[in-house]
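Summary of structural features
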Amino acid sequence: MARIDKELEQYRQLMSVPSVFENGFSLSTFFGVMFIALVMVPGSLYMELLAGQGVGSSAQWVTVILFMEIAKRANAKLSRAQLFVLFYLSGTIIGQGGGLLWTQFLVRSDAALGAGMSGAFPIWVAPSDPAAFENRTFLQAAWLPAIGLIFFKMFFGRLDNMVLGYGLFRLTSDVEKLPFPLAPIGAQGMLALADDLEGKAQVQGSWRWRVFSIGGALGMIFGVLFYGLPTISGAVFGTSFTVLPIPFADWSDYTKTYLPAVATGLSFDLGNIILGMVMPYFAMVGSFIGLITTFIMNPILYHTGVLTSWTPGDSTVETMFKNSIDLYFSFGIGLSLAIAVIGFMAVFKLKKKQREDHAAALGSDIPPGRGDIPNRVVLWTYVLSTIIYILVCGYLVDWHTGVMVVLVFFGFLYTPIISYVTARLEGIAGQVVEIPYIRELSFILSGYQGVGIWFIPTPMANYGAQTVFYRQAELTGTRFTSLWKSEVFLFPVMIVATIAFASFIWGLGEIPSSVYPFTQQMWELNAKNAVLVMSSTTGEYSQFQEALSGTKVGIGFGVGMGVFGFLAVFNAPTTLLYGLIRGIGQTTPHMVIPQFLGALLGRYYFEKRLGLKWREYVPVLSAGFFCGAGLITMFCIGVVFLMKSSNHLPY
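So, a few notes on the structure that sits alongside this text.

**Describing the pattern of salt bridges**
Applying the stated rule across the entire model yields 10 salt bridges. Among the salt bridges present, the one from Glu487 reaches Arg158, with a minimum N-O distance of 2.6 Å. Placement of the pair is Glu487 in helix H19 (residues 480-508) and Arg158 in helix H7 (residues 144-175), with a sequence separation of 329 residues. The salt bridge involving Arg370 is made with Asp174; its shortest N-O contact spans 2.8 Å. Separated by 196 residues along the polypeptide, Arg370 in the loop between helix H14 (352-361) and helix H15 (375-396) and Asp174 in helix H7 bring together distant segments of the chain. Note on Arg370: relative accessible area 0%, which makes it buried. Accessibility expressed as a relative area gives 7% for Asp174, which makes it buried.

This is the structure in structure tokens:
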């Protein structure tokens, strides 16, 4: 029998799967989708233009709480499954982004014109006729090819995300029995709201609702200082006033003498400390040890001529980027490959009888009524959608041989592997793994000449994070078919709302402009960076061509496997390995340090006072905290909207 990791077992037993699964899609959730489309989508687009970020998970909690309060006053009943589906839908439809708004600027930007790319963009990226930009609307025939490509990306992206995400959930949750430490956050939050809706919080004194309320109060207080004050002051006075630095304090310039080629700083977001309490303790310890390792190794690598691009005075972003080009791009690929190999080893290590038992678990022994589908449906859906991706992309690039090889690599090798690695990391440590710049480097090595390749719907994605949603659905007793039905109704609403509101916002005024400070300050810089990358397939020199090193990939793979072997000898906790891999892969210290402090606080203070009950409390506390912060964020956005919509009279 394989050794059972005690820490993982604690998270696995944190919440039990209910015996009954309910249908979560109803008329109420459909009205919720319409509300999100009409109110939250334009708010998200506006915040992206104004501040460079959408409303995120804040809008999810606001939507759920709003509909819960309406249900109370209408004496209607919303089940836990309905609350979860509403929460899931709001997170899906929000944050689709203003891709068309960015495209209309990019193709006309000074950076593109200066690089001689005027007229080089295909019509399925943006119209070539300047008249299509004069009226500032996407609702015209010239934009139909670009809209059609967006439709294709969104449809097949959602399809693969749901289907492959489900298959990965079956593998990592049903077979490998991974704990998914972050899943209880949303699930416990839904249960707390359901207790309040059903009156259990008042009648039975539900601990979930009390803990959720405490977290909500903390989130609202912190939200006023961290989000509210800068937002409101910026709208009223034109200049944002901040008490705490956003997103983090960058100390790289102050430590350049003692820690060359090291990004230093600290995030003052209280949410990182809360997350550190929620995450597995040894995962946070491993991340901190890995971070300290990079603090020691980077100066050595700098003085030995490995990290040569860094110069004193570089900021965190510049330091991370230059170090990635010099080493960590290739080194990170090797680490990710090691994680993939370790993951596959964990699966194939099962004895024949155990494999048969788990195979049976994927059949008749799965929780009844969960809404599962046969494995062959998952496999064939992904294979057929990937083939369609490759055929469409092949048509757009005139069947270029090098590009076709890259597409096959992404569709049938890279995407399944990186998705599985992420699914395992989500299941063990709540982390997502990405290999930086692999898309850019692959396009460069394909030999394709032109800018069109950067806009094709490449079958490259990471579907591992979707496993968390399926685990949350399982914990809340939501039938999986509810999610799939919701997707069917959601997609047309999502595509219409995104395009319609993007067109409406563009029609209000030119973008970028002074009305949207983020676009005015950052879009030209972003365009220069984008053009720099795109120029690598137009015959220009590109530093990405020198970023990949087989030797460094091999070193990263060897280090990853060596760390795994070393920890296995000492029977170390499983989560410690993934934390170490995260840390030595050059993660930013700004988030790791407060997360580690949160882990210490939870382990050596709250857990000593409350015992293992703390493990049940902290996910609910976390859900309440982010809900409270979200309420403040949405309130501030509402105030800004009212101020922006007011007409300034001349008297």
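Anyway, onward from the coordinates.
**Re the environment of Trp506**
Its place among the elements puts Trp506 in helix H19. For the pair formed by Trp506 and Leu101, sequence separation is 405 residues and the distance between their alpha carbons is 7.2 Å.

**So, the nonpolar core**
Counting residues in each nonpolar core, the largest one holds 75 residues, and the members touching the most others are Phe121, Trp143, Ile456, Leu483 and Met534. It is H19 that provides the largest number of residues to this core, a total of 14 residues. One finds Ala183, Val285, Leu425 and Val563 within the second-largest nonpolar core, a separate group that totals 36 residues.

**A short note on unusual backbone geometry**
Backbone geometry places Arg136, a non-glycine residue, at a positive phi of 50 degrees. Positionally, Arg136 belongs in the loop between helix H6 (110-114) and H7.

**Concerning the environment of Val592**
Note that Val592 resides in helix H23 (residues 589-610). Of the residues examined, Val592 reaches a relative accessible area of 1% and is grouped as buried. Distance in space between the C-alpha atoms of Val592 and Val285 is 9.6 Å, their sequence separation being 307 residues. Those residues in contact with Val592, other than ones at most four positions away along the chain, are Ser287, Phe288, Leu291, Arg582 and Thr587.

**Here's the deal with the packing of aromatic side chains**
Overall, the coordinates contain 34 aromatic pairs when judged by the stated rule. Ring centres of Tyr166 and Trp484 lie 5.5 Å apart, and the angle between their planes is 85 degrees; this geometry places the pair in the edge-to-face category. Separated by 318 residues along the polypeptide, Tyr166 in helix H7 and Trp484 in helix H19 bring together distant segments of the chain. For the pair Tyr166 and Trp484, a shared accessibility class is recorded, and that class is buried. Within the aromatic cluster, the residues linked to one another by ring pairs are Phe151, Phe152, Phe155, Phe156, Tyr389 and Phe491.

**Considerations on the environment of Pro127**
Here Pro127 shows up in the loop between H6 and H7. When its relative accessible area of 10% is taken as the criterion, Pro127 is described as buried. With 18 residues separating them along the chain, Pro127 and Pro145 place their C-alpha atoms 8.4 Å apart. Once residues lying within four places of it in the same chain are set aside, the contact partners of Pro127 are Ala132, Phe133, Ala142 and Trp143.

**Regarding helix H18 (residues 466-475)**
With nine of 10 residues buried, H18 lies mostly within the body of the structure. Listed in full, the buried residues belonging to H18 are Gln466, Thr467, Val468, Tyr470, Arg471, Gln472, Ala473, Glu474 and Leu475. Just past H18, the residue Gly477 takes up positive phi, approximately 75 degrees.

**Some thoughts on the side chain of Thr255**
Mapped onto the fold, Thr255 is located in the loop between strand S1 (249-250) and strand S2 (265-266). Under the relative-accessibility criterion, Thr255 is labelled buried at 18%. At a separation of 2.8 Å, a polar atom in the side chain of Thr255 contacts the side chain of Thr264. Setting aside chain neighbours within four positions, we find Thr255 in contact with Pro260 and Thr264.

**Details of the packing of H7 against H19**
The interhelical angle for the contact between H7 and H19, taken along N-to-C directions, is 160 degrees, at an axis separation of 11 Å. Regarding the angle of H7 to H19, the classification is roughly antiparallel. Crossing of H7 over H19 shows right-handed handedness. Each of Ile147, Ile150, Phe151, Met154, Phe155, Arg158, Met162, Tyr166 and Phe169 in H7 lies in contact with H19, whose residues at this interface are Phe480, Leu483, Trp484, Glu487, Phe491, Met494, Ile495 and Ile499.

Conventions adopted
Residues numbered from 1 in each chain as written. Predicted model: local features only at pLDDT ≥ 70, side-chain atom pairs only at ≥ 80, totals over all residues. Heavy atoms only, no water. Salt bridge = Lys/Arg side-chain N within 4 Å of Asp/Glu carboxyl O. Helix = DSSP H or I, 4+ residues; strand = E, 2+ residues; numbered from the N terminus. Buried < 20%, exposed > 50% of the residue type's maximum accessible area, 1.4 Å probe, protein only. Core = buried A, V, L, I, M, F, W, Y, C linked by side-chain atoms within 4.5 Å. Contact = heavy atoms within 4.5 Å. Phe/Tyr/Trp six-rings, centres within 6.5 Å; stacked < 30°, edge-to-face > 60°. Polar contact = N/O pair within 3.5 Å; in protein donor to acceptor, adjacent residues only side chain to side chain. Axes fitted to C-alpha atoms, helices over the stretch in contact; angles between N-to-C directions. Parallel < 35°, antiparallel > 145°, perpendicular 65-115°, else oblique. Left-handed = near helix turned anticlockwise from the far one by under 90°.

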